[in-house]
Amino acid sequence: MNAAEQPTDDFPAKLGRPAYAALLHAGYTSLAQLTEVTTRELGKLHGMGPKGIRQLREALAAKGLTFADETSVQD
């Protein structure tokens, strides 16, 4: 990957290439956008599997965010 191809998003660094490409192809460029989508919708993207969804869920949780179909646990 050259400098022009470096990711400028906040997706997890270890997110697999197919999952990353699926997100970009679907128009998602930031974790915050994923709060508007369900895990079911993400799972329908070609290249997005359970591992990618888990990694994204963990990255969202680290920022206090969740997918649209999940609720955050806050005291």
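Look up a bit, the structure's there.
Residues numbered from 1 in each chain as written. Predicted model: local features only at pLDDT ≥ 70, side-chain atom pairs only at ≥ 80, totals over all residues. Heavy atoms only, no water.

Chemist: What is the right way to look at the nonpolar core in this model?
Modeler: Of all hydrophobic cores here, the largest spans 16 residues; its most connected members are Leu23, Leu34, Leu42, Met48 and Leu56. In terms of residues, this core owes the most to one element, helix α3 (residues 50-62), which gives four residues. In this structure Met48 touches Ala19, Ala22, Leu23, Leu42, Gly43, Ile53 and Leu56, once residues within four positions along its chain are discounted. (Core = buried A, V, L, I, M, F, W, Y, C linked by side-chain atoms within 4.5 Å. Buried < 20%, exposed > 50% of the residue type's maximum accessible area, 1.4 Å probe, protein only. Helix = DSSP H or I, 4+ residues; strand = E, 2+ residues; numbered from the N terminus. Contact = heavy atoms within 4.5 Å.)

Chemist: Is there a simple way to think about the environment of His25 in this case?
Modeler: For His25, the position within the fold is in helix α1 (residues 17-25). For the pair His25 and Leu45, spaced 20 residues apart in sequence, the C-alpha separation works out to 9.1 Å.

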